[in-house]
Amino acid sequence: MALQPTPGYRLGFVSFAAAVIGFTAGLIAFVLYNLIGLFTNLAFYHECSFHFRSPEANHLGPWVIVTPVVGGLIVGVMAKYGSDKIKGHGIPEAMEAVLKSDSRIEAKVAILKPLSAAIAIGTGGPFGAEGPIIQTGGAFGSVVGQLLSTTAAERKVLLACGAGAGMAATFNTPIAGVIVAIELLLFEFRARSFIPLVIATTLATSVHLMLLGRGAMFHMLPTDFDIPAGLPYYLLLGVVCGFAAVGFTKLLYLVEDQFDRLPINEFWHPAIGALGLGIIGYFVPRVLGVGYDTISDILNNNLAWKLLLLIAVFKSLALVISLGSGTSGGLLAPMFMASAALGGVCALGIDYVVPSAGLAPGAFALVAMGAVFGAASRATFAFIVFAFELTRDYNSVLPLMLVCVIADTIAIRFLPNSIMTEKLARRGLETHSEYETNVMKQIKVSEIMAEGVVTVRPEETVRSVADRMASGDPQFMRHRALPIVSQDGRLVGIVTQGDVLRGLEENPAGDLPVIEVGSRSLIVARPDESAFDALTKMLMNNVGRLPVVDRKNPEKMVGYINRAAVMACWGQHLHQESCREAGWLQRLRTNGMQGGVPRTIEGSVVEVGAGHLKVRVEDAVEDLAVDFAIVGIRPGDHVRVSFQELDGRRVAQRVEELARGQ
């Protein structure tokens, strides 16, 4: 795909696109809300109506066990023949697109995800609509970014705008929508992303107000939060919520692992999970469906402690069984219900043990809602604001802040990954929860190190090594230093071109073993270190390259890294920031859709000039067109070039220097 130079990030352009995305996300949320109502009425009441109501009042009897299974089978078909990206609760999938695909999401996900979620929820799934709408809004934002000519950085903001707008439009919480997008997708707080996010969530919330009314998603009567007298009890609640977040996260992935071990095709997994849900729903009907009405009942202390306990246990169990099976649905609302019930039970229990406490179960329920999910997702600040926006009661802020950070502390201690990032970590993707501006602190040595590097034996002579270096072999020209590895595979030293030249000056015959002129005192890197750590070692020790060794076996070399590889991190970052890809519309106008698959070549630069680059690859010379300025590349340099054939021309997309010509 063609790349165009760009002067930088276009705030005005992105803000305008964010406005369109926000408005559309509001409409998508409204459509999804009504689709859930339609499928719920069809499945449980045999009526064709968009009226949103809970499935708990159905009169299906034992048939209620079968209904979720039908929905699970339909979702299984959609996942197998449509897109497997519809599986799961939505937010990790959006995060994966940011981390792995330069914020590209397939357009069909924007259609299949809300439809599959509506079917799963409408047939009794204990899920929320917010995860699917976040993924759907993010998919729409990504599609807009692919339709237009955007950089990866701009497209990431548009994806986040769609996700945040979907959250805001679902719950009427615009501020929380902005913060969720920042904490879970962007990991940056900059004007270039904050301004479009605010525009998108404002318009999405406005659409919600027009179509669904001004009321909050959950109705809560004025509640006494008992501050400051109740603070000691809130400390206890924070501990309970922290361990609840840890337990729920581990249980969810334990169930996922068990489904993965089943000796049957994963097509049947959603139906099996739905069967377990149906059995639970037959005995505890309140676990079926989204449960917004049940959450309102809990917040207003309308339920007895026995029912609260049943909801806390069986809603959680139904959720992990269903979601662990790989069906489509959101985590937020069901976790809110279970954690609100847990908070209510805690308040009633403390009141029973300490009658003078006089705690309000609704207050504890609200605070637990924000704390459990905030701790599990590592988005604590977002859910402090979210819970506050639900009530608009300033008195809730102090207990929310206290309980949420205590729960988050416990979750950080016992969970290496959040409920959102555990799935990504299992796929080898690492997310960064800090607002880190240094890109080299985000990239591991293992991602940029060279493997299969040419090595020399300790007993080889200086002359033979010098002859190999002078042979013109790109494998030797690429690196100015070569690791010295013994016959049994142990790393024993490193020799540079300067070492070889000095050895020849001292002994022109060059019959000394290379280990005698090389260095045996090695500075090494590990694969799990950051590129920043590796560069720091180079600068502190005045060396230009590091062997990469296994952490468990320091004598086993697994790779090689030099300053050029570390600086390539910045090159990749600048590429994402400054190279604008031709959008679908532009490619249609220029017939660019007929272009070939992107390819990569490595070779020696023969000639470089304005608009062209010639590279020698083995015995042939490749002539490539260049639509951007090539800086710092000269004849003789060894380079890697990514290009694509467009309209009969080979157009370079990126030129990366691998070794400087001698």
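## Points about empty space enclosed by the protein
Argument step 1. If you walk through the whole model with that rule in mind, you get four cavities of 30 Å³ or more.
Argument step 2. Reported here for the largest cavity is a volume of approximately 80 Å³.
Argument step 3. Taken together, 14 residues line the largest cavity, and the ones lying closest to its centre are P68, F127, A274, L277 and T327.
Argument step 4. The set of elements that each furnish at least two residues to the lining of the largest cavity consists of helix 2 (66-81) and helix 10 (269-283).
Argument step 5. The biggest single contributor to the lining of the largest cavity is helix 10, with four residues.
Argument step 6. Its residues assigned to classes, the lining of the largest cavity comprises six nonpolar, eight polar and no charged.
Argument step 7. Considering the residues around the second largest cavity, the lining is formed by ten residues, among which A29, Y33, A129, A169 and T170 are closest to the centre.

## Re helix 15 (residues 380-391)
Argument step 1. Along its twelve residues, helix 15 runs 17 Å from first to last C-alpha, staying within 8% of the 16 Å computed at 1.5 Å per residue.
Argument step 2. Within helix 15, nine of the twelve residues are buried, leaving the element largely enclosed by the surrounding structure.
Argument step 3. All buried positions along helix 15 are accounted for by T380, A382, F383, I384, V385, F386, A387, E389 and L390.
Argument step 4. Two residues or fewer past helix 15, R392 is found with a positive phi of approximately 55°.

## Side note on the packing of aromatic side chains
For any pair of aromatic rings, geometry is given as the distance between the ring centres together with the angle between the planes.
Argument step 1. Enumeration according to the criterion identifies eight aromatic pairs in this entry.
Argument step 2. Centre to centre, the rings of F243 and F414 are 5.6 Å apart; their planes meet at 45°, and the pair counts as tilted. Residue F243 is found in helix 9 (residues 231-260), and its partner F414 is found in helix 16 (residues 397-414); the two are separated by 171 residues along the sequence.
Argument step 3. Above the face of the F13 ring, R10 is positioned so that its terminal group lies 4.1 Å from the ring centre.
Argument step 4. It is R413 that lies over the ring of F414; its NZ or CZ is 4.9 Å from the centre.

## Thoughts on the nonpolar core
Burial of nonpolar side chains together is a common tendency in soluble globular proteins.
Argument step 1. One finds L237, M335, F383 and I419 to be the most contacted residues of the largest nonpolar core, which totals 117 residues.
Argument step 2. Here the element with the most residues in this core is helix 14 (residues 361-377); it accounts for twelve residues.
Argument step 3. Discounting chain neighbours no more than four positions away, the residues touching L237 are G343, C346, F364, V367, A368 and V403.
Argument step 4. Ranked by size, the runner-up nonpolar core spans 15 residues in total, among them I443, A531, L546 and C569.

## Concerning the pattern of salt bridges
Argument step 1. Summed over the entire model, instances satisfying the criterion amount to eleven salt bridges.
Argument step 2. Between R490 and D488 there is a salt bridge whose closest N-O contact spans 3.2 Å.
Argument step 3. Residue D488 is classed as exposed on the basis of its relative accessible area of 57%.
Argument step 4. In this structure, D499 engages R502 in a salt bridge whose closest nitrogen and oxygen atoms are separated by 2.5 Å. Residue D499 and its partner R502 are both found in helix 21 (residues 497-506); the two are separated by three residues, about one turn of the helix.
Argument step 5. Residue classification places D499 among the buried residues on the basis of a relative accessible area of 12%.
Argument step 6. Here R502 falls in the partly exposed class, since its relative accessible area comes to 45%.

## Here we look at the confidence of the model for the chain
Argument step 1. On average, residues of the chain carry a pLDDT of 81, and 87% of them reach 70 or more.
Argument step 2. Mean pLDDT per element in the chain: strand 1 (residues 3-5) is the minimum at 38, and helix 16 is the maximum at 92.
Argument step 3. Below a pLDDT of 50 lies the segment residues 1-7, which in the model reaches 29 contacts outside its immediate sequence neighbourhood of four places, other chains included.

## A word on helix 10
Argument step 1. Taking 1.5 Å per residue, 15 residues should reach 21 Å; helix 10 reaches 22 Å between its end C-alpha atoms and fits that length.
Argument step 2. Of the positions making up helix 10, those classed as buried are H269, P270, A271, G273, A274, G276, L277, G278, I280 and G281.
Argument step 3. Each element contacted by the buried residues of helix 10 is listed here: helix 2, helix 9 and helix 12 (305-324).

## What to know about the pairing of strand 2 (residues 481-485)
Argument step 1. With respect to burial, strand 2 is a largely interior element, five of its five residues being buried.
Argument step 2. Judged by which residues are buried, strand 2 turns out to be covered on both faces: A481, P483 and V485 on one side and L482 and I484 on the other are all buried.
Argument step 3. Here strand 2 runs beside strand 3 (residues 491-496); their pairing, made up of five bridges, is antiparallel. Paired with A481 across the bridge in strand 3 is T496.
Argument step 4. Between strand 2 and strand 3, which pair antiparallel and follow one another directly, the connecting turn spans five residues, one of which, G489, has a positive phi of 90°.

Calculation criteria
- Residues numbered from 1 in each chain as written.
- Predicted model: local features only at pLDDT ≥ 70, side-chain atom pairs only at ≥ 80, totals over all residues.
- Heavy atoms only, no water.
- 1 Å grid on protein atoms, 1.4 Å probe; cavity = no way out; pocket = protein on both sides within 12 Å on 5 of 7 lines; lining within 4 Å.
- Points joined across faces, edges and corners; volume = space filled by probe spheres on them.
- Helix = DSSP H or I, 4+ residues; strand = E, 2+ residues; numbered from the N terminus.
- Nonpolar A, V, L, I, M, F, W, Y, C, P; charged D, E, K, R; others polar.
- Expected span 1.5 Å × (residues − 1).
- Buried < 20%, exposed > 50% of the residue type's maximum accessible area, 1.4 Å probe, protein only.
- Phe/Tyr/Trp six-rings, centres within 6.5 Å; stacked < 30°, edge-to-face > 60°.
- Lys NZ or Arg CZ within 6 Å of the ring centre and 35° of its normal.
- Core = buried A, V, L, I, M, F, W, Y, C linked by side-chain atoms within 4.5 Å.
- Contact = heavy atoms within 4.5 Å.
- Salt bridge = Lys/Arg side-chain N within 4 Å of Asp/Glu carboxyl O.
- pLDDT = per-residue confidence, 0-100.
- Pairing = 2+ DSSP bridges.

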